[in-house]
Structure formats: C-alpha cells, structure tokens
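Okay, here's what each chain looks like letter by letter:
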Protein chains: 2
Amino acid sequence: MKIVINNFRPHMVMPEIFIEEMKRDYPGDSIVVSENKEELMAELPDADVLFGLRFTKDMLEAAKQIKWVQSLSAGVDHMPMAEMENRGILLTNGRGIHKIHMTEYAIAAMIMMARNFHVMSRNQIKGRYDRNISQGQIHGSTVGIIGMGSIGTEIARVSKFLGMNVLTVKSSSGDVPEYVDRYYERKDMVKVFEESDYVINLLPSTRSTINLIDGKYFSAMKDTGVFINMGRGNTVNEDDMIEALRSKSIKGVVTDVYNKEPLSEDSPLWSLDNIIMTPHICGENPHYMERAYKIFKENLRVFASGEGEMVNLVDANKGY
Amino acid sequence: MKIVINNFRPHMVMPEIFIEEMKRDYPGDSIVVSENKEELMAELPDADVLFGLRFTKDMLEAAKQIKWVQSLSAGVDHMPMAEMENRGILLTNGRGIHKIHMTEYAIAAMIMMARNFHVMSRNQIKGRYDRNISQGQIHGSTVGIIGMGSIGTEIARVSKFLGMNVLTVKSSSGDVPEYVDRYYERKDMVKVFEESDYVINLLPSTRSTINLIDGKYFSAMKDTGVFINMGRGNTVNEDDMIEALRSKSIKGVVTDVYNKEPLSEDSPLWSLDNIIMTPHICGENPHYMERAYKIFKENLRVFASGEGEMVNLVDANKGY
C-alpha cells in the first residue's frame, strides 16, 4: 500500500511526529510526503491513499490506482465527486475538526455586532473617543443556524449556554438537532431569517445550495438582524447581500467567505461600514492537523484491516 | 419619605413604568425624578433616598437628610465614602447588574485577540485581503481573572465551559472562588500574570489598587500574553502598559478604561496597533435599568419596612 501525504504549505503541514508514527504502525507500506503540486503529481500514479486538503480533476486522472482520499476540509465541493463515485473511490472529510474554533468565531462575531465593535474599531483608527455607541448583548437574543452539522450543533450548544434562543432548519436526515429550541422544515427556511437576530450560514456548496440565500431571505430579516457567513461564499447572492447592507434593511454582516476569492480590490464590499470581513480564515487553527490526523489514523486502521467503519464518509449525491 | 430618582441622560434613564410602579407601591411617599444636576441639587436637601449613578461631595453636602444612596454602578470609588460613613449613610451598589454583558465583552475580547481581529479590521479598512493572519483559539488556553466579584465569577464560569483553564487570586474574604482551577494568595498575584494567556483585570479603584498593575506584572507576562482591562483605568500604570506594548514584550491589550477619561487626542495609545480600545462602554447595556430597578425595589422594601437585609451593601473600608 502506498500512502501519499500532501502537505499544503504554509497552512496545512502534517507534523513529522505523526509521519514517524505512521511509519512505525505500517512498516511494510510506503508512506511518502509531497511538498508541492509537482511532487504530488509524480507520486500519485501508484498511490492507494491520499491525505490532503484538495483533490482536483487532474489529480484524479493521474491517480490511476487511488482507492481512498482523506480530505482535511469539511467542504469537499471542489472535488470531482461524480467521477470519484464512478471509480468507487472512497472519500472521507474533516467533519468535526473545526467545531471548536469555528464556534469561537461565531460567538465573537455575534458579540462584536451586538456591541458595534466594527464602529468602535473605525473610531479607534481615527483616534476618536466617542462613548455614544449603542451596546447590546447576545443573551436573550435569537440565533438561527442554517446547516446543522457538527459545527452548527456546537454553535447551538454554546449559544444555548450563553442564554440565546436557538432556531434552525430540520436536518436533511430528518433528525431533530440537539440544543435547538425550535426548528422549521426546509421549505420554511425563510422563517428562520424572519425570527432571528443573528442568522449563521454554514451551508456547504452543493447543487442545491448555490445562490440559495438571496434577496428573498435578506428582505425577510429584521432591520436589526445580522447575517454571518461561515459556510461557502457561493451559497449567497452577494449582490443581494450588498443591497441589504446599502439600504440598511439589515443591521450588518460578518463574512469570512465571498463569491470570488481572493476578494478583488474593487469589490463594493470594501466600501461598506456595516460589515466585518475576514479573509477565509475561520477554519484555520493551530490544532487542525492534530485533530485531522486523529481521524485519518482511525480511518487508516479500518482501511488497512477491513475491520470497523470509516468515519466521515462523504455521500457523493449529497456532497457532504 | 422622599425618594429622588436621578436620571443620567442619555444612558441611565429609569423607565416610566418603574416609576409608576413605585408610586403605586408607596402611595404616601414623595417620589421625584430629576433630569439634570440643577434639578437634582434642588431636590436633595429634604431627600431621604437617592437612586442614581453618581454621588459626589457637593451632592452629599446638599443632601442634609439623606439616609441611603442606591448606586447603579458596581464601582463607587468616585463617592465620598468616609464622609458618608461618618454620617451613617447607607450605600448600596449595582453589583450583579453587569455580569452577563461584561462577560460577553470579556469572551469576545479574548477570541478577537486569539484570532487577531485587530489586524484583520485594519486590513479591511485598507481594502487589503491577506490570508496570512495567524489564527488561534481560546479553548485550552489559560485565563487569569483579577477580581473575583460577581463579574469575575461569571467570566470564570463561561471560560471554563469554553474549555479554558481558570486562574485567579484568592478573594479577600478567603473564599475559594467558584469555577476556578487554581488560585494564588494575593501576595503571589504576579504568578497569575506569569501563567496566563489572558489576564482580565476587574479590580475596583480603592486605596490598595491604584497603580497596582505596573511594569513588574507586565514583565512577568508571556510574550504571547494578552492583558484585558475592564476594571478601572487607574489600577494600571498606563506608561508601563504602553512600554510593554511598544517593546512587544506582550502580544496585546484590550482596554475599555484609561488613566484619564475621556482619553486625550494626543495619548500615545492611539498610535499602537497591538491594542483594541473601547470608550468605557463595557458596563453599558439595554437591560441595565431593569436589573438595577430589581435591586432597588428589593432594597426599598427592606428600607421602608425594616424587615430583611439590604443587598449589595458597600463596605466603606474596603470600598466595594
């Protein structure tokens, strides 16, 4: 068996200590590390297993014998899933790796908006001491969470602890999510936008979510409502979001993702002052690789021994 | 009995509904509202009870018959406490009113620093999309809380839930604070600064705390450490704090309070980029008056009936 570890510098590098452990655990197998695309393409033709962040169409074509791809990411929308399924290639993702630090981002985003930190930080840079900044709190407010995977469930758990009401949409499996006060059927998702003070979008990019959150949803929001996008940029109609911000039909937006990344210098988003923008960093974390390796290690044991069940298997039809 | 309600516009205004309730509850007594300093000074000479934010020396001199002052604030350091004690005037404060929204501020402050939001917000204003911003998390980090009153205890409770280690200094009463992993004696407070990733200062301004946190404490901190001041500006030696920020011997500061407020336009703090500054707003909250009225109502019942014990009585010797 040949296992390729694709380090994605500078953010995603498997620590040497984990590679050594794998070599000890699988002494008869070939474990190689590629440091860039060129090295990866050279290693792929006889690889059985790939551990990495991305898996594109050209990689799939080069990987003639690949049987399993373990992605570090929770979102795998960039992968050629239909072709992978046709060839019977297993795909597992990074579900659960992100829940702690993504939840911290969500909580900070809500409090920052409740207390108008985006106004205060502009004042600070201007050298302006102005106490006349309205101060709210998230305790007692309602958060609507769109996308109840492991991250959404963790945000619900913490929000509940902090005294918030939690709304969501019934999950596709029909399960009632944990820590939720009230939920709506998928077809009534607009009600979550209507009733929430904070709407947090965690939707993956799939056939059914692209451009899903458009003017209809922004119009439904309260004029004090805040939209937070931690999912994928292309699940939101950015023009409609900009219109809602410009007309102040909503209070504000916190977004980590964009229709096109990197965000271009001439995007109208830069000129708005009721938005907090971060550069697609909310999934990043110093403990990321540790948690990813834990998932990979367990899946590798199952893959090598044939005993047990892999965790985080992606359903190619659903796309997550 | 004459009760004076001193509304402190625009931030502290007792809602009409509460005043009407008091008038119903105490039909034989005189309940008057003053809207500015002039009106207040005219009402004070025959007042028995004052409900308000401030109580200064000139107010005390005017208030010949005053028997009890209920302050909305937790910090009562601006009051002439020795004179009040000499005259046997009761003083109760706003302890407990602030714990929810102050805790939200503290949690947001820590996460903002862990994720370098102060860097990202400057980039946003410059129109700069730069993903190369280090991203940390508070889960697994250590918070040191200086001042374990009701706010400190609530910050400890939430920090613990969010996976942090909680350090503190033993309270003056000798009680072991709740939700704390480890604590030091007062004389060893420097150890809290040494071992914490985030130090949160909640100290009131008293004879023993003025200028207490100086270079000795900043030098003890980790170079990745963050100092958060939500207490009183004069408990910190601001020059020493600025020196720690300039030399980058600590990672950063989040501060809501200053040696002199309002902060002057030529303060060197404005030019630093490893600080998040807010204009003494962290105690403000839309639910403030509701919570303050609840305390006042209960204390008024005790005061009027002589039955039970007043809550939040301030000890003039301790100053809180």
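Residues numbered from 1 in each chain as written. Chains lettered and ligands numbered in written order. Predicted model: local features only at pLDDT ≥ 70, side-chain atom pairs only at ≥ 80, totals over all residues. Heavy atoms only, no water.

Caption draft 1: How the structure looks around the sheet that holds strand E3 (residues 49-52) of chain A. All names here are of chain A. As summarised here, the arrangement of the 5 strands in space is E2-E1-E3-E4-E5, forming an open sheet in which the pairing is parallel. The open sheet has two free edges, formed respectively by strand E2 (30-34) and strand E5 (90-92), since each of these has just one partner strand. Geometrically, the sheet is characterised by an average inter-axis angle of 15° between neighbouring strands, direction not taken into account. Pairing analysis gives 4 bridges linking E3 to strand E4 (residues 68-71), with the strands arranged parallel. (Pairing = 2+ DSSP bridges. Helix = DSSP H or I, 4+ residues; strand = E, 2+ residues; numbered from the N terminus. Axes fitted to C-alpha atoms, helices over the stretch in contact; angles between N-to-C directions.)

Caption draft 2: Structural detail: the relation of the copies chain A and chain B. The two copies are related by a screw motion: chain A maps onto chain B through a turn of 180° and a shift of 0.0 Å along the axis, at an RMSD of 0.0 Å. Overall, the copies show the geometry of a two-fold rotation axis. In terms of C-alpha distance to the rotation axis, chain A has alanine 108 of chain A as its closest residue, with the C-alpha 2.4 Å off the axis. An overlap of 98% is found between the interface residues of chain A and their copies at the interface of chain B, pointing to a shared contact surface. (Least-squares fit on C-alpha atoms with pLDDT ≥ 70 in both. Contact = heavy atoms within 4.5 Å.)

Caption draft 3: Quick look at the interface of chain A and chain B. Taken together, the contacts link 51 residues of chain A with 50 residues of chain B. Roughly 4800 Å² of surface becomes buried between chain A and chain B when both sides are summed, with 63% attributable to carbon and sulfur atoms. When the area that chain A buries against chain B is broken down by residue, the three leading residues are Gln124, Tyr129 and Phe161 of chain A, summing to 17%. The interface formed by chain A and chain B contains 2 salt bridges. We note a salt bridge from glutamate 284 of chain B to arginine 131 of chain A, for which the minimum N-O separation is 2.9 Å. Connecting chain A to chain B are 24 residue pairs in polar contact (both at pLDDT 80 or more). (Buried area = accessible area lost by both parts, 1.4 Å probe. Salt bridge = Lys/Arg side-chain N within 4 Å of Asp/Glu carboxyl O. Polar contact = N/O pair within 3.5 Å; in protein donor to acceptor, adjacent residues only side chain to side chain.)

Caption draft 4: Local environment of the packing of aromatic side chains. If you walk through the whole model with that rule in mind, you get 19 aromatic pairs over all chains. Relative to tyrosine 105 of chain B, the ring of phenylalanine 117 of chain A lies with its centre 5.8 Å away and its plane at 40°, an arrangement referred to as tilted. Taken as a pair, phenylalanine 117 of chain A in helix H6 (residues 117-126) and tyrosine 105 of chain B in helix H5 (residues 99-114) lie in two separate chains rather than in one. The same class applies to phenylalanine 117 of chain A as to tyrosine 105 of chain B, namely buried. A ring pair is formed by phenylalanine 18 of chain B and tyrosine 293 of chain B, whose centres lie 4.3 Å apart and whose planes are at 10°; its orientation type is stacked. Residue phenylalanine 18 of chain B is located in helix H1 (residues 16-25), and its partner tyrosine 293 of chain B is located in helix H11 (residues 288-305); the two are separated by 275 residues in the primary sequence. Side by side, phenylalanine 18 of chain B and tyrosine 293 of chain B carry an identical accessibility label, which is buried. Through a chain of ring-to-ring contacts, the aromatic side chains of Phe51, Trp68, Phe296 and Phe303 of chain A assemble into a single cluster. (Phe/Tyr/Trp six-rings, centres within 6.5 Å; stacked < 30°, edge-to-face > 60°. Buried < 20%, exposed > 50% of the residue type's maximum accessible area, 1.4 Å probe, protein only.)

Caption draft 5: Structural view of the pattern of salt bridges. Residue and element names in this part refer to chain A. In this structure the tally under the stated criterion is 32 salt bridges over all chains. A salt bridge links glutamate 43 to lysine 2; the nearest nitrogen and oxygen atoms lie 2.7 Å apart. Of this pair, glutamate 43 sits in helix H2 (residues 37-43) while lysine 2 is found in strand E1 (residues 2-6), placing the two residues 41 residues apart along the sequence. Among the residues examined, lysine 2 registers a relative accessible area of 9% and is labelled buried.

Caption draft 6: Molecular detail of the packing of helix H5 (residues 99-114) of chain A against H5 of chain B. Viewed as axis vectors pointing N to C, H5 of chain A and H5 of chain B meet at an angle of 125°, and their least axial separation amounts to 9 Å. Relative to H5 of chain B, H5 of chain A is oriented oblique. Crossing handedness for the pair H5 of chain A and H5 of chain B: left-handed. Two secondary-structure elements touch here, H5 of chain A through Glu104, Ile107, Ala108, Ile111 and Met112 of chain A and H5 of chain B through Glu104, Ile107, Ala108, Ile111 and Met112 of chain B. Classifying every residue of the contact of H5 of chain A with H5 of chain B by side-chain character gives 8 nonpolar, no polar and 2 charged. (Parallel < 35°, antiparallel > 145°, perpendicular 65-115°, else oblique. Left-handed = near helix turned anticlockwise from the far one by under 90°. Nonpolar A, V, L, I, M, F, W, Y, C, P; charged D, E, K, R; others polar.)

Caption draft 7: Examining the environment of methionine 84 of chain B more closely. Residue and element names in this part refer to chain B. Among the structural elements, methionine 84 can be located in helix H4 (residues 81-86). Placed 24 residues apart in sequence, methionine 84 and leucine 60 show a C-alpha to C-alpha distance of 7.7 Å. Ignoring any residue separated from it by four or fewer positions in sequence, one finds methionine 84 in contact with Phe55, Leu60, Val69, Met79, Ile89 and Leu91.

Caption draft 8: Fine view of the sheet that holds strand E2 (residues 30-34) of chain B. Residue and element names in this part refer to chain B. As summarised here, the arrangement of the 5 strands in space is E2-E1-E3-E4-E5, forming an open sheet in which the pairing is parallel. Strands with a single pairing partner mark the edges of an open sheet, and in this sheet they are E2 and strand E5 (90-92). Strand-to-strand twist of the sheet, defined as the mean angle between neighbouring strand axes without regard to direction, takes the value 15°. Contacting strand E1 (2-6), strand E3 (49-52), strand E4 (68-71) and E5, H11 runs over the sheet at an angle of about 160° to E4.

Caption draft 9: Region of interest: helix H7 (residues 150-161) of chain B. In a regular helix each residue adds 1.5 Å, so 12 residues correspond to 16 Å; H7 of chain B covers 17 Å between its end C-alpha atoms and thus fits that length. Extensive coverage of H7 of chain B is indicated by the burial of 9 of its 12 residues. Within H7 of chain B, the full set of buried residues consists of Ser150, Ile151, Gly152, Thr153, Glu154, Ile155, Ala156, Val158 and Ser159 of chain B. Residues of H7 of chain B that are buried sit in contact with helix H7 (150-161) of chain A together with H5, strand E6 (142-146), strand E7 (165-169) and strand E9 (198-201) of chain B. (Expected span 1.5 Å × (residues − 1).)

Caption draft 10: Structural context of the packing of helix H1 (residues 16-25) of chain A against helix H11 (residues 288-305) of chain A. Residues and elements named next belong to chain A. It is the contact of H1 with H11, at a shortest axis distance of 11 Å, that shows an interaxial angle of 10°. Relative to H11, the element H1 is oriented roughly parallel. Residues Phe18, Glu21, Met22 and Asp25 of H1 form the contact with H11, whose participating residues are Met289, Glu290, Tyr293, Phe296, Lys297 and Leu300. Taken together, the residues of the contact of H1 with H11 break down into 6 nonpolar, no polar and 4 charged.

Caption draft 11: Summary view of the domain arrangement of chain A. Residue and element names in this part refer to chain A. Under the domain assignment used here, chain A contains domain 1 (2-97 + 286-305) and domain 2 (99-277). For domain 1 versus domain 2, the distance between C-alpha centres works out to 32 Å. If you look at the interface, domain 1 gives 7 residues, while domain 2 gives 7 residues. Counting across the domain 1 and domain 2 interface gives 1 salt bridge. Close ionic contact of arginine 232 with aspartate 77 constitutes a salt bridge, the shortest N to O distance being 3.0 Å. In this assembly, domain 1 and domain 2 are joined by 3 residue pairs in polar contact (both at pLDDT 80 or more). Tallied by class, the residues present in the side of domain 1 that touches domain 2 amount to 1 nonpolar, 3 polar and 3 charged. (Domains from an automatic or database assignment.)

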